[in-house]
Amino acid sequence: MSSVRSQVPGHTFEALRGQLLDAAATFAEGPAALPEILQGLVDDVYHSLAEPLEIFPVCHHSPASALAMGRRLRQKQPKVIYLELCEDLQPLLTELRNCRLPVALQAFASDLQGFPAAWGPLNVIAPITEASAEYQAIAYALETPGVELVLVDRSADHVFQWLPQESADQPDQPDQAEENLHGDAVGVEIGDLRPRFAELEQYLLHHGKVRHWSEWWDQYVEQPLADADHDTYRQVMTLIGSLFRRLTPEDSERLASDEERERYMWTRIRAHLASSGLDRSEALYVCGAFHAVSRVEEAGSTPGTPDLQISPRSGTEWLYGLIPSSHSSIEAQFGLAPGSVSIASATWEKSLRRSGLAPFRLEGQKGTRRRSTKALPAPAPATPVTDKLSEYLATAPPGGGLDEDELRGWCVDIVRLARRNGYLASTADAIAVYQTSVLLAGMRGRLRPTPYDFQDAAITCIEKDVVPGRRDVRHLCEILLGGDKVGQVGYDALPPLAKDVHDRLAPLGIDLQSRTIRRALIDLVAQPELAGCSRLLWRLQYLLPGRAVRTVMGSRRLGEKSRQESWDLDLGRQQRTLIELGYEGVTVEQVLEQRLRRSVHDPKATAADALGAVEDSLRLLESPRLTDELGLRAVELLAAERTVDDAPLVLNRIRRLIAYFESPAHPGGRLPTWCQQFVTAGYAHYCTLLPTSFADEETGVRQVAAMLGFLFSMEGLALSRGCERTQLELAVQQSAPQTPAKTALFWAARHQLGHLSIGDLREKCDELLANPLVVPSFPQYVSGFVHAMEPVPRLSPFVVETLSKAFARLPDPVLLPWLPNLITTLKQEAAELVPILTREAGRTFPGQLPTLDSWTAPWNRTQAPVRTGPQAPAAQNHHPLARKLLDAHPTTALGVAGLLGQEGAWTEFTVGKTGASGSISADAPAGKLFREFPASMRAVADLLRG
């Protein structure tokens, strides 16, 4: 077996080591750290090149790495490629054929076992672009017969196993831009070469005359290595990886994590070599340049090297799939400069045209040109490794960048794009961009402008004070370079749920893969066959809140269905949300049912949440079995609650549900058993908590009013189910409110129970207004009475009266500060009571302004004294219409007398032109009623008279 180690003589880099040591002795000051570092760099390069298994160092999303990978694969044609990528993502690689790059491999888990619950859901992504070395390796392995691709990096489960679990928070994530398609996923990157020392980075940026790391990397690494041979590329990338590794503090957590990854990967590599019996010279190990110079004890392919004891995976069930990615998402995920990935893509395309290299591509992949079927040449023989570093470091970088014709074309195109997007750009601006680009390149020591120089010049010359549209000049430059390319997952690579959604929405005749928002119009009267699409869209809107599915017209409230609907569908650009929904089940209905069950069985679930789930199941699923299950859970949660914070929600939702079950929209037409049980449990529950809630300062007025509303409005149903009214009366009697608002509620409850009349309430309020010590707190009593309209609706006229008296009698220093508080309270806590209050006020006050001056409030009118006893007029002398009514319906009068405990017979009488004639027996019960209650008869006569 020919060994690579024998092809790297020990004296290969001796001359370079000597030059570096001489330079260190000349320029170094203070401790002798610099000679040690420089000598270590050469030793690391030699150590990496001497490994029998060829190590190919790469940088993620680097065109230079992709070009070097394509060349090396054609030369070496390895039989096995070991790739630094999560090993459990292996089955997803074949699905890349059905996608449009860039996309991301994803591992997702929502049901966690062995991890802190606050971490969920766990999400790991690995983005893939065409201008990346790993894609070239994947395409070569999948399209070349007899080639095996082995992923050797730690699994997604081990990624989170090795994170510190002392904190319950999710690991630190970079801020996500709005267009980030990766969400809060943990990114897995091959070849992270960002310096770990901020001082080094600032030094490089300052002396390189660039603004950010991506530009420095493009200027001093990408461009010089684009056309370099394999040995030069490999040695330079290894040297860079060694530099940043030696500058990393030895006690840093990041270095410890990287070393654990290296132990893991080398353990997997040796295990595969031992099981396959492969010659190491026929394999290739693709990893980040930082890992290519690993010095851990477990590194190396030599048999007998110690292995890492890999812990078993946790019980977490991982789901895998592909999600669309984009250039901006990759930049946000890994902290790259905006536009750097687009520039890298443009550099990749330009390098391919210049070099004539045919890259490896997956057969049939969307968005790529047809792959050449030309057979690969014979593998090139191995050649001894020579020192390429000395020549590379001693030679100035080639003058890359844009030539005059290319720069001129870009200047014209950016002006055209700017004018199209609302900028007042002209030919003069194109000339200014050209000259500024050249000027910036000269100031930065470059022979020709780079895309970064052009971008800076365009922003300087075209961007004005205000951006006229939604795209600024920086965005326009990215579009000019190829745009923020967004990937797409093909239909065949979608999970079953996403495929089912596409199939069921096919009758709409809309391209769901479109990148633009599509409008769907559904007429359920003319096209009843679209009812299934309508139901599916409502379910998707519930499961995917946001921009994927939005209703423009139509509603689906409880017991209501639209005749016509209009929808905005953006599933093409929101593929990620639909794909991740497919991780939860096979169909939308299954996922919806699971989520409803999970919501009511959550440890923090309340009875109000369960009632909301019941309502959602009735609106969306129409499953009686599930509805009953959720309803029974609501009964359990209500009985277990010890607070009344959600009483308003409980009251509103149970009222809606009872109204729906008793309406013609419900097929049964009767209350289900669980609903009756809920009312019974709620009656006993709130009766028990009522005295405590009245006395508790932390319980609000709105909550107590909702409790009373439940008890009074559900009283009839509760009593029919076996509850006793005595329980409610005792609860009210035991209540002792301490605040004015709750005191008003207490009086309203006593009035509802018949223990306090309207006259008594009016006297209490008048006494409060007459007491100067209580006047400052009277607005709080008014707020309590306003909330009392919920449990006692018949108090609405009295509430209007109380408010009117408050406005008329309260002094301005008390009234004016209270009015904003009253308005805010009504808006936030009693918005549903405002229409009731307004209608009652409309019935009380005059409808026309001229009549206001002569109008007298009903509570200010003096009532005539009622005469009773011997001076009362005889009943037969009252209004003849009343006598005529009584004569026509004697049974009614006798029935009323019977209810009052009187028995007797009716004596006929007649009504003439001058009045009533006839008589009623003095002993008759009706005669006694007329004599004892003459005012009632006069009131009836007034009503009949109109």
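Keep in mind that this is a model prediction, so the values were computed, not measured.

A.B. asks: Before we move on, could you go through the packing of helix H3 (residues 63-76) against helix H12 (residues 340-355) and cite the residues and values that matter?
C.D. replies: At a minimum axis separation of 9 Å, H3 and H12 run at an interaxial angle of 35°. The segment H3 lies against H12, with Pro63, Ala66 and Leu67 engaging Ala344, Thr347, Trp348, Ser351 and Leu352. By residue class, the composition of the contact of H3 with H12 is 6 nonpolar, 2 polar and no charged.

A.B. asks: Residue-level account of the sheet that holds strand E12 (residues 549-553), with values.
C.D. replies: On the basis of which strands lie adjacent, the open sheet formed by 3 strands has the order E11-E13-E12 and antiparallel pairing. Edge positions in the open sheet fall to strand E11 (518-523) and E12, since each of these has one partner strand only. Each neighbouring strand pair of the sheet contributes to a mean axis angle of 25°, computed without reference to strand direction. Two strands pair when backbone bridges link them, and E12 and strand E13 (residues 564-569) are joined in this way by 4 bridges, in the antiparallel orientation.

A.B. asks: Would you mind going over the packing of aromatic side chains in detail, with residue names and values included?
C.D. replies: Under the defined criterion, the tally for this structure stands at 21 aromatic pairs. Between Tyr686 and Phe710 the ring centres are 5.2 Å apart and the planes differ by 70°, which places this aromatic pair in the edge-to-face class. Of this pair, Tyr686 sits in helix H25 (residues 673-695) while Phe710 sits in helix H26 (residues 701-713), placing them 24 residues apart in sequence. Judged by its relative accessible area of 1%, Phe710 is buried. Ring centres of Phe807 and Trp818 lie 6.1 Å apart, and the angle between their planes is 50°; on these two criteria the pair is classed as tilted. Separated by 11 residues along the polypeptide, Phe807 in helix H32 (residues 796-809) and Trp818 in helix H33 (residues 812-829) bring together distant segments of the chain.

A.B. asks: Quick rundown of the pattern of salt bridges? Include the residues and the values.
C.D. replies: Opposite charge on two side chains makes pairing possible when the charged atoms of those side chains draw close. Enumeration according to the criterion identifies 47 salt bridges in this entry. We note a salt bridge from Arg725 to Glu729, for which the minimum N-O separation is 3.2 Å. Residue Arg725 and its partner Glu729 are located together in helix H28 (residues 725-734), separated by 4 residues, close to a single helical turn. Judged by its relative accessible area of 29%, Arg725 falls in the partly exposed class. For Glu729, a relative accessible area of 23% translates into the label partly exposed. Salt-bridge contacts for Lys805 lead to Glu801; the nearest nitrogen and oxygen are separated by 3.0 Å. Taken together, the positions of Lys805 and Glu801, both in helix H32 and 4 residues apart, correspond to about one turn of that helix. Looking at Glu801, the relative accessible area reads 5%, which means it is buried.

The rules behind each value
Residues numbered from 1 in each chain as written. Predicted model: local features only at pLDDT ≥ 70, side-chain atom pairs only at ≥ 80, totals over all residues. Heavy atoms only, no water. Axes fitted to C-alpha atoms, helices over the stretch in contact; angles between N-to-C directions. Helix = DSSP H or I, 4+ residues; strand = E, 2+ residues; numbered from the N terminus. Contact = heavy atoms within 4.5 Å. Nonpolar A, V, L, I, M, F, W, Y, C, P; charged D, E, K, R; others polar. Pairing = 2+ DSSP bridges. Phe/Tyr/Trp six-rings, centres within 6.5 Å; stacked < 30°, edge-to-face > 60°. Buried < 20%, exposed > 50% of the residue type's maximum accessible area, 1.4 Å probe, protein only. Salt bridge = Lys/Arg side-chain N within 4 Å of Asp/Glu carboxyl O.

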